[in-house]
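For reference, the chains in residue letters:
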Amino acid sequence: MTDRLRTVDRLWVLLLGLVVLGSGLVLLDREYSVVGRYPDTVDLGPTVDVLESSWGPWVVAVVGVLLGLLALRGLVRRVGRPPATTKRLGASGPDGRLEVDLRSVADSVADRLGAQAPVTGASGSVRRLGGRDLLLIDAHVTEDADPRALTAAVTTAHDEVAAAFPEDDVTVRVVLGAPQRARKDRTDRVRLDG
């Protein structure tokens with residue numbers, strides 16, 4: 001979801017929230033007459049006249065269909081497109097098409113980083129960011145990790161991906177998390193009453 005869609009979503013939620021809150025406050029005020037006085041009965045005469053006319057139901061139907069289509073369009077826009085896992089390389093031409101599986105490349109880079117750097121649990125995934133394919137490598141640093149070895153391994157991973165895709169928009173991002181703490185063995189205590 002893009003930033004623009006997030007902003008539009010938040011504005012719609014804010015507007016809907018204000019309408020619901022305002023309606024609730026009007027109903028409370030109608031019950032307790034704190035701000036204003038309301039008649040005991042509500043006159044729906046103009047609404048009944050429109051609905052009983054020959055064109056009223058058609059207008060309601062058209063508005064309902066338009067609102068339904070607008071809601072459907074909004075849902076489809078928010079579903080999003082999964083990132084492409086294959087990339088057509090720039091060396092493709094009239095003689096043939098060269099494609100690479102980016103998910104496999106991400107997994108290979110993660111495995112290689114796990115072998116070269118003091119990290120655990122390295123995994124790779126593919127994202128699309130700003131029109132570029134991004135190989136996202138997640139790993140956790142070991143507790144005794146040498147910062148120079150980490151820097152060298154990440155630089156090597158970046159350089160290898162840049163060498164493999166010299167003219168294509170594929171980059172790598174390595175996200176290193178804090179060391180994973182070893183879980184202490186816990187015993188569950190069971191209390192039997194009886």
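As shown above, the structure is provided for reference.
Residues numbered from 1 in each chain as written. Predicted model: local features only at pLDDT ≥ 70, side-chain atom pairs only at ≥ 80, totals over all residues. Heavy atoms only, no water.

Visitor: How do you make sense of the pattern of salt bridges when you look at a structure like this?
Guide: Working definition: two side chains of opposite charge can pair if their charged atoms are close together. Per the stated rule, a full pass over the model turns up 3 salt bridges. Across the pair R97 and E99 runs a salt bridge, and its minimum N-O distance is 2.9 Å. By relative accessible area, E99 is classed as partly exposed at 44%. Between E160 and R112 there is a salt bridge; the shortest N-O distance is 2.8 Å. With E160 in helix α5 (residues 147-164) and R112 in helix α4 (residues 102-116), this pair connects stretches of sequence that are 48 residues apart. A residue is classified by how much of its surface remains accessible, and E160, at 32% relative accessible area, is partly exposed. (Salt bridge = Lys/Arg side-chain N within 4 Å of Asp/Glu carboxyl O. Buried < 20%, exposed > 50% of the residue type's maximum accessible area, 1.4 Å probe, protein only. Helix = DSSP H or I, 4+ residues; strand = E, 2+ residues; numbered from the N terminus.)

Visitor: Help me out: how do you make sense of the sheet that holds strand β4 (residues 132-141) in this one?
Guide: Sheet architecture is open: 3 strands sit in the order β3-β4-β5, paired in mixed fashion. In this open sheet, the two strands that pair with only one neighbour each are β3 (119-129) and β5 (170-177). Direction aside, the axes of adjacent strands within the sheet are offset by 20° on average. In this structure, β4 lies alongside β5, joined through 8 bridges in parallel fashion. Note that in β5 the partner of L135 across the bridge is V172. Here α4 sits on the sheet in contact with β3, β4 and β5, set at roughly 150° to β3. The strands touched by α5 within the sheet are β3, β4 and β5, with β5 carrying the most contacts at an inclination of about 160°. (Pairing = 2+ DSSP bridges. Axes fitted to C-alpha atoms, helices over the stretch in contact; angles between N-to-C directions. Contact = heavy atoms within 4.5 Å.)

Shape descriptors only; they carry no functional weight alone.
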